[in-house]
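# Chains, contacts and geometry: an overview
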Amino acid sequence: MASVAIDTAEPRGKLFAGPRVRRLRSQLGLTQTRMAEELGVSISYLNLIERNQRPLTAPFLLKLSHQYNLDLRQLTGADDDRLALDVAEALADPLLKGLDVGRAEVQEFVAASPGIAQAIVRLRSALRDARSSGAEAPQGDGPLELVRAFIQDRRNHFPELEARAEALADELRLAAPDFFAAVSDRLRARHGLTVRILPAEVMPELLRRLDLHGRQLQLSELLDPASRSFQAAYQLALSEGRGEIDAIVARAGMPDAASERLLVQNLANYFAAALMMPYGRFHTACEATGYDLDLLQARFSAGLEQVAHRLTTLQRPGARGIPFFLVRVDRAGNISKRFSAGGFPFSRHGGNCPLWTLHKAFERPGQILRQLVEMEDGTKYVSIARTVRAYAQPYGGVRPEYAIALGCEARHAHGLVYARGLDLGSGDATPIGLGCELCERPHCRQRARPPANSSLIIDEKQRGPNPVQFGHTGSS
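Here the residue numbering is sequential within each chain, running from 1 through the sequence in written order. Only residues with pLDDT of at least 70 get local features here, since the model is predicted, and only at 80 or more are side-chain atom pairs given and counted; chain-wide, interface and lining totals rely on the full set of residues. Working from all heavy atoms in the structure, the side-chain values ignore hydrogens and water.

Threshold: UniProt positions are given in the numbering used here, feature names are shortened, and annotations may be inferred rather than shown by experiment.
Going by the annotation in an unreviewed UniProt entry, the name recorded for the protein is Transcriptional regulator, with Sphingosinicella microcystinivorans given as the source organism. Within the UniProt record for the protein, the comment given under Sequence similarities (unreviewed entry) is "Belongs to the short-chain fatty acyl-CoA assimilation regulator (ScfR) family."

So this is what it looks like as structure tokens:
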């Protein structure tokens, strides 16, 4: 396969997005007749749009946005950028070595057939899992990937949960000034649950436990105040936000019970964060402080990772925040969290670039490290990284460690306190990639292997500064 560099620039000229409109209509469960009626257009006009025989006009886009509370980036190709990157990764498989598939062809295919593109990505993931486990046949994506894909497809924003959580948060503020006390009182008064903090030796392997027999929500003393608040809010989410959560899960159409339960857990976590940091107040504070993590933690009595995760959800129409991405890794580079309100090209299977400051955070625990990075397609991002605490007993004498990176495209970072002093336009940026398998940069001094679509060059007569030399298929 030839090098595939995905173009993430804004669309130019006429916008043809028929497959995306058809996909939106399918997700909403609407017939062409019903959607045409709701948008005030003829069925034939909508049919021509879905067949890519008519472009999307500005008035039509505004109607879609108003009628369905839609993020217009869903129709302008931003969502397809991530999918195109995943398809490119799938096509970089060694089994497909030698195929000449270019950037434009990948993008056209994803725009025209997003469903088939997603199927290719799932097959690639299943094949990779089968190779690593020795399974005889691919079984498809597991619950983790399925739930991550669903959340990313919704851009990590769920308006129905935001509305319910914001209303409930207002009630809690009237009940008591301290959030943890207000949630605890609500659980006791409305649901007959008493919140208890128990010693670590009583709950050696648990941080939270719901004892229905004793009508107690038990929390470990290992949790700091912010984490105690979050765990109590999680239980309240399951108690009072379950209707909205179950409706989302039903629409998601997960293929098995394990995926459904994991999605419920993720949505309850989302609801809990929205209770601690209600959308309107949190968004206003973000804009006023320049998204200062320390100030936001203090103002909302939340932890760093809680605040960082919440920042990736600020996608309410008319009150959008900076479109952040968030990734959490361990020292080995394994990804345990990834969320994006923008289009950051995460590696699906780890192996992130070692030049990224994210991996240096472990050397300076507790310090925020900032960096201006540039992807192969020229897109620049402001990235900040820091270690986060893991509330768990040591295993094998080693305490778990994680680092998170929070960032956004440089063009969105002008109001970001961490971008002060950085030249976001022409300033020098660290060149990073999606991991060696997909990165085409020929002069990287830290390359561990050649790109998947290239061949290794071995020359016993000379040795340059780069540890790995490579050429594209067919080159000498």
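## Examining the side chain of T387
Defined as follows: Think of it this way: any DSSP run of H or I at least four residues long counts as a helix, any run of E at least two long counts as a strand, and we number them from the N terminus. Under the scheme applied here, a residue whose accessible area is under 20% of the maximum for its type counts as buried, over 50% as exposed, and between as partly exposed, the area being computed with a 1.4 Å probe on protein chains only.
Inspection of the secondary structure assignment puts T387 in strand β9 (residues 380-388). Of the residues examined, T387 reaches a relative accessible area of 11% and is grouped as buried.

## A word on helix α14 (residues 279-289)
Selection rule: Taking the helix axis as origin, the arc is that swept by the directions to the C-beta atoms. Should any heavy atoms of two residues lie within 4.5 Å, those residues are considered in contact.
For α14, the full list of buried residues reads Y279, F282, H283, A285, C286 and T289. With its buried residues spanning 160° around the axis, α14 presents them on a single face. Exposed and oriented more than 90 degrees from the buried face of α14 are T284 and A288. Here the buried face of α14 lies against α9 (159-175), α15 (293-300), α16 (304-311), β4 (315-316) and β5 (319-320). Directly beyond the C-terminal end of α14, a positive phi value near 70° is found at G290.

## Considerations on the confidence of the model for the protein
Under the convention used in this document: pLDDT measures the predictor's confidence residue by residue and takes values from 0 up to 100.
With 86% of its residues at a pLDDT of 70 or more, the protein shows a mean pLDDT of 84. Note on residues 1-12: pLDDT under 50 across the span, and 35 contacts to partners over four residues away in sequence or across chains. Under a pLDDT of 50 for its full length, residues 135-139 has, in the predicted model, six contacts with residues more than four places off or in other chains.

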